[in-house]
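Below, each chain spelled out in residue letters.
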Amino acid sequence: MRKFFVLLGSIFALSIQAQTIDVTFSGEPGRVVDQKVFFLTEAQTKNFPEILESYNQASNGYIKDVMLHKEFTGKNGETLSLDLIAGTEQIVLMGVSQAQPLSPVDLQNLGGKIAAELSATSDNVNATILVNNLDTRDRTAAAHIAYGYHLRAYHFDKYKSDKDKVISRLTFVTNNTDANTTKYNEDLRYVAQGVHMARDMAWEPGKTIYPASFVEEVKAAFKDLDNIDIEVLGVQQMERLDMGALLGVGHGSIHDPKLLIIEYKGGNTGSAPLVLAGKGITFDTGGTSIKPNSGMWAMKSDLSGAAAVAGTMYALASRGERANVIGVMPLAENMPGSKAIRPGDVLETMKGTTIEIISTDAEGRLILADAVYYAQQQYNPKMLVNIATLTGSAARALSDEYAALVTRDFAFSTEIMAVGKSAGEHVWPLPLHPNHFDQLQSNIADIKNSGVGNPGASIGAAVVGTFVDEELPWVHLDIAGVDWLDKATDTAPKGAHGWGVRFMDQLVREYK
Ligand code: BES
Ligand code: ZN
Ligand code: MN
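All values reported here derive from a predicted model rather than from experimental measurement.

Cut-offs applied
Residues numbered from 1 in each chain as written. Chains lettered and ligands numbered in written order. Predicted model: local features only at pLDDT ≥ 70, side-chain atom pairs only at ≥ 80, totals over all residues. Heavy atoms only, no water. Salt bridge = Lys/Arg side-chain N within 4 Å of Asp/Glu carboxyl O. Helix = DSSP H or I, 4+ residues; strand = E, 2+ residues; numbered from the N terminus. Buried < 20%, exposed > 50% of the residue type's maximum accessible area, 1.4 Å probe, protein only. Pairing = 2+ DSSP bridges. Axes fitted to C-alpha atoms, helices over the stretch in contact; angles between N-to-C directions. Contact = heavy atoms within 4.5 Å. Phe/Tyr/Trp six-rings, centres within 6.5 Å; stacked < 30°, edge-to-face > 60°. Near = heavy atom within 4 Å. Polar contact = N/O pair within 3.5 Å; in protein donor to acceptor, adjacent residues only side chain to side chain. Areas by Shrake-Rupley, 256 points an atom, 1.4 Å probe, with all protein chains shown as cover. 1 Å grid on protein atoms, 1.4 Å probe; cavity = no way out; pocket = protein on both sides within 12 Å on 5 of 7 lines; lining within 4 Å. Sits in = over half its atoms within 2 Å of the grid points. Expected span 1.5 Å × (residues − 1). Arc of directions from axis to C-beta. Donors = N, O, S within 2.8 Å, 3.2 Å for Na, K, Ca; no water. Tetrahedral: all angles 85-135°; square planar, octahedral: opposite > 155°, others 65-115°. Core = buried A, V, L, I, M, F, W, Y, C linked by side-chain atoms within 4.5 Å. Points joined across faces, edges and corners; volume = space filled by probe spheres on them. Nonpolar A, V, L, I, M, F, W, Y, C, P; charged D, E, K, R; others polar.

**Q** So, the pattern of salt bridges: which residues are in play, and what are the values?
**A** The tally for this structure, following the rule as stated, stands at 18 salt bridges. Here lysine 279 makes a salt bridge to glutamate 363, at a shortest N to O gap of 3.0 Å. Separated by 84 residues along the polypeptide, lysine 279 in the loop between strand E9 (274-278) and strand E10 (280-284) and glutamate 363 in the loop between strand E13 (354-356) and helix H12 (364-379) bring together distant segments of the chain. On the basis of relative accessibility, which here comes to 1%, the residue lysine 279 falls in the buried class. Here aspartate 361 and lysine 291 are joined by a salt bridge, their closest N and O atoms 2.9 Å apart. With aspartate 361 in the loop between E13 and H12 and lysine 291 in the loop between E10 and helix H11 (304-318), this residue pair connects regions lying 70 residues apart in the sequence. By relative accessible area, which is 22% here, lysine 291 ends up partly exposed. What you see here is one network of salt bridges that share partners, running through Lys183, Asp187, Arg319, Glu321, Asp505, Arg509 and Lys512.

Next up, the structure:
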């Protein structure tokens, strides 16, 4: 029986593990006392709020003793966790700064720290987070804390026999319960769900996520959403459109490439859309230019750009953003095989520009070339964003902290850096110089797919940029460093980061 299901599983592929957490905003602490979280400013560590003092007394002063012993002073983000105390399963004290109003991202980071600190000792645990003593000017502070919690409360245990325990019910005790409920339930939680969706896709092995199953997954996830149209171009349609680059990359795999398009029409009819295009290499072996063995498993996440686009579209449509946005996801598996393209081959793109293949491992720029050109022809967008795990070069330059940002205009780059700051996902600019385009000159074709080497991230951007109208505001994001975390951040556990959903969601809010 079990075998049967495993088999079915591989035919019908994956299904996204929706991480549902039940969040309530309430004016009262309630009676359930499984787990409690208190925010404390430095002053409050000396003079406990009444409710915390009652727990302190119930534990014969143990909370204060441990606080002194561990030198907990209430610095912003400092945490102290006490298990099995005063009739509760766990009490967490969290330091919080009172010096300046906390920004939404600060609050989200605090929420993430709470998720990291609370540990479920069994399923069905109730946690109460007391936000009402938090002095902030933001009426929806609790919603931002809940959102940060939601972002961080993620695990991928689909293939584990022993499932992780989860905290299923969270109560945020706060003022402005209505404003917080609306902000979280009708907005922020969908962004968190979009991030989780993107992470699920990046964690999923290449065996189960390939172009066709990616498409099915998206169709299933979007089926109940309004104002959504999904279009899928298969091999024949791509042949008719002369998408030789996307088709070429897919040649070595038994899984046919696809071009997935999610249209979201939440804005005025006829108003030009934003296009978000994401690289969806469901596994990158390097192709004929095969990669070394070490670490190759991680190339299952080479679809992170497409996954971030899908997650963003999910968030936008679910929260009913009033904008027209098109998500474009070129999907292919980069495999060596008897039909695979070779170094030296020449591919003809939809634009007509021919590309000499120097390395079949520089495949992301190839699939994006056809995808961004198609999107411009088809949708005449007012802005184009493309997002991709494009180059090791970007990862070496910027690591886990920043995604690489390339635009044609430095002033625009600084504006986009500000978007990253308010999204909690940061970008840092890398240059695009005419020499980077010169390096693409080929002896046999119009351009080649990689230059002599440095600077790799800029050269990758130049290849994509060759297919982007120079007049169009264009944001190129290279997420090869940030898509997979070596260690947890406040709002993301280690591993698949889901980077780009928060960023693109914010970008749409500001540039729609
Ligand atoms: N998917 C890789 C880039 C990558 C590397 C992502 C490490 C995440 C972590 C991309 O397709 C690739 O192989 N890029 C090559 C380009 C080179 C052949 C010009 C690279 O960066 O080495
Ligand atoms: Zn790749
Ligand atoms: Mn590659």
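**Q** I'd like a rundown of the sheet that holds strand E1 (residues 22-26), residues and numbers included.
**A** The strand order E1-E6-E5-E2-E4-E3 describes an open sheet built from 6 strands, whose pairing is mixed. Of all the strands in the sheet, the pair left with one neighbour each is E1 and strand E3 (79-85). Averaged over all adjacent pairs, the angle separating strand axes in this sheet is 15°, with direction ignored. Where strand E2 (residues 35-40) and strand E5 (residues 125-130) come together, 4 bridges link them in parallel fashion. Of the residues in E5, the one forming a bridge with lysine 36 is threonine 128. Contacting E3 and strand E4 (88-95), helix H4 (residues 62-69) crosses the sheet at an angle of about 145° to E3. The strands that helix H5 (residues 104-117) touches are E2, E3, E4 and E5; relative to E4, the one it contacts most, it runs at about 150°.

**Q** An account of the packing of aromatic side chains is requested, with residue identities and associated values reported.
**A** The final tally for this structure, using the stated rule, is 11 aromatic pairs. With a centroid separation of 5.9 Å and an interplanar angle of 65°, the aromatic rings of phenylalanine 25 and tyrosine 184 are classed as edge-to-face. Pair noted here: phenylalanine 25 is in strand E1 and tyrosine 184 is in helix H7 (residues 177-203), with a separation of 159 residues, a long-range link. Each member of the pair, phenylalanine 25 together with tyrosine 184, is buried. Centre to centre, the rings of phenylalanine 222 and tyrosine 314 are 5.8 Å apart; their planes meet at 85°, and the pair counts as edge-to-face. Of this pair, phenylalanine 222 sits in helix H8 (residues 211-222) while tyrosine 314 sits in helix H11, and the two are 92 residues apart along the sequence.

**Q** How would you summarise the sheet that holds strand E12 (residues 346-348) if you had to cite specific residues and measurements?
**A** Paired through backbone hydrogen bonds, the strands of a sheet run either parallel or antiparallel to each other. Ordered in space as E12-E13-E17, the 3 strands form an open sheet in which the pairing is mixed. Because the sheet does not close on itself, it has two edges, and the strands there are E12 and strand E17 (447-448). Where E12 and E13 come together, 3 bridges link them in antiparallel fashion. Bridge pairing links valine 346 to glutamate 356 in E13.

**Q** Hey, could you go over the site of ligand 1 for me, with residue numbers and the actual values?
**A** Not every one of the 16 residues close to ligand 1 is listed here, only the nearest: Lys291, Asp302, Asp361, Glu363 and Gly392. In the environment of ligand 1, an oxygen atom lies 2.9 Å from a nitrogen or oxygen atom belonging to the side chain of aspartate 284. At 2.8 Å from an oxygen atom of ligand 1 is found a side-chain nitrogen or oxygen belonging to aspartate 361. Its free accessible area being 520 Å², ligand 1 has 73% of it covered by the protein chains. When each cavity is represented as a set of grid points, ligand 1 is found to reside in the largest pocket.

**Q** Got a sec to walk through helix H14 (residues 410-423)? Specific residues and values, please.
**A** Compared with an ideal rise of 1.5 Å per residue, which puts 14 residues at 20 Å, H14 spans 20 Å between its outermost C-alpha atoms and is within 8% of the ideal. Buried within H14 are the following residues: Phe412, Ser413, Ile416, Val419, Gly420 and Ala423. Looking straight down H14, one finds that the buried residues subtend no more than 105° of arc, so they occupy a single side. In H14, the exposed residues that point more than 90 degrees away from the buried face are Phe410 and Lys421. Of the surrounding elements, those touching the buried residues of H14 are H5, strand E14 (383-388), strand E15 (403-406), strand E16 (427-429), strand E18 (474-478) and helix H17 (501-511). Put simply, aspartate 409 is the residue that caps the front of H14, since its side-chain oxygen is 3.1 Å from the backbone nitrogen of alanine 411. The positive-phi residue at the C-terminal boundary of H14 is glycine 424, with phi of around 80°.

**Q** Residue-level account of the coordination of the zinc ion (ligand 2), with values.
**A** Every protein donor of the zinc ion (ligand 2) is accounted for by Lys279 (NZ), Asp284 (OD), Asp302 (OD) and Glu363 (OE), and the metal-donor separations fall at 2.0 to 2.4 Å. One can describe the site at the zinc ion (ligand 2) as octahedral: its 6 donor atoms subtend angles covering 78 to 174° at the metal.

**Q** Explain the coordination of the manganese ion (ligand 3) to me, and be specific about the residues and the numbers.
**A** Protein coordination at the manganese ion (ligand 3): the donors are Asp284 (OD), Asp361 (O), Asp361 (OD) and Glu363 (OE), at 2.1 to 2.2 Å from the metal. With 6 donor atoms in place around the manganese ion (ligand 3) and angles of 69 to 168° between them, the coordination shape is irregular. In this structure, the manganese ion (ligand 3) is positioned 3.1 Å from the zinc ion (ligand 2), and both are ligated by aspartate 284. Of this pair, aspartate 284 sits in strand E10 while glutamate 363 sits in the loop between E13 and H12, and the two are 79 residues apart along the sequence. The same class applies to aspartate 284 as to glutamate 363, namely buried.

**Q** Quick one: what's the story with the nonpolar core, residue by residue and with numbers?
**A** If you look at the biggest cluster of nonpolar residues, it comprises 87 residues, and the most contacted ones within it are Phe39, Phe172 and Phe214. At 10 residues, the largest contribution of residues to this core is made by H11. Membership of the second largest hydrophobic core comes to 43 residues, among which are Ile261, Leu347, Ala388 and Val468.

**Q** I'd love a proper account of the pairing of E10, names of residues and values included.
**A** By the criterion of burial, E10 is predominantly enclosed, with 5 of the 5 residues buried. Bridge count between E10 and strand E11 (residues 324-334): 4 bridges; the pairing is parallel. Bridging from a neighbouring strand, glycine 280 pairs with leucine 331 of E11.

**Q** Account for empty space enclosed by the protein, with residues named and values stated.
**A** For the coordinates displayed, the defined rule picks out 2 cavities of 30 Å³ or more. Its volume calculated, the largest cavity comes out at about 40 Å³. Along the walls of the largest cavity sit Leu151, Val195, Arg199, Glu425, Thr491, Ala492, His497 and Arg502, which together make up its complete lining. Classifying every residue of the lining of the largest cavity by side-chain character gives 3 nonpolar, 2 polar and 3 charged. Within this model, the second largest cavity holds a volume of roughly 30 Å³. Of the residues that constitute the lining of the second largest cavity, the class distribution is 4 nonpolar, 6 polar and no charged.

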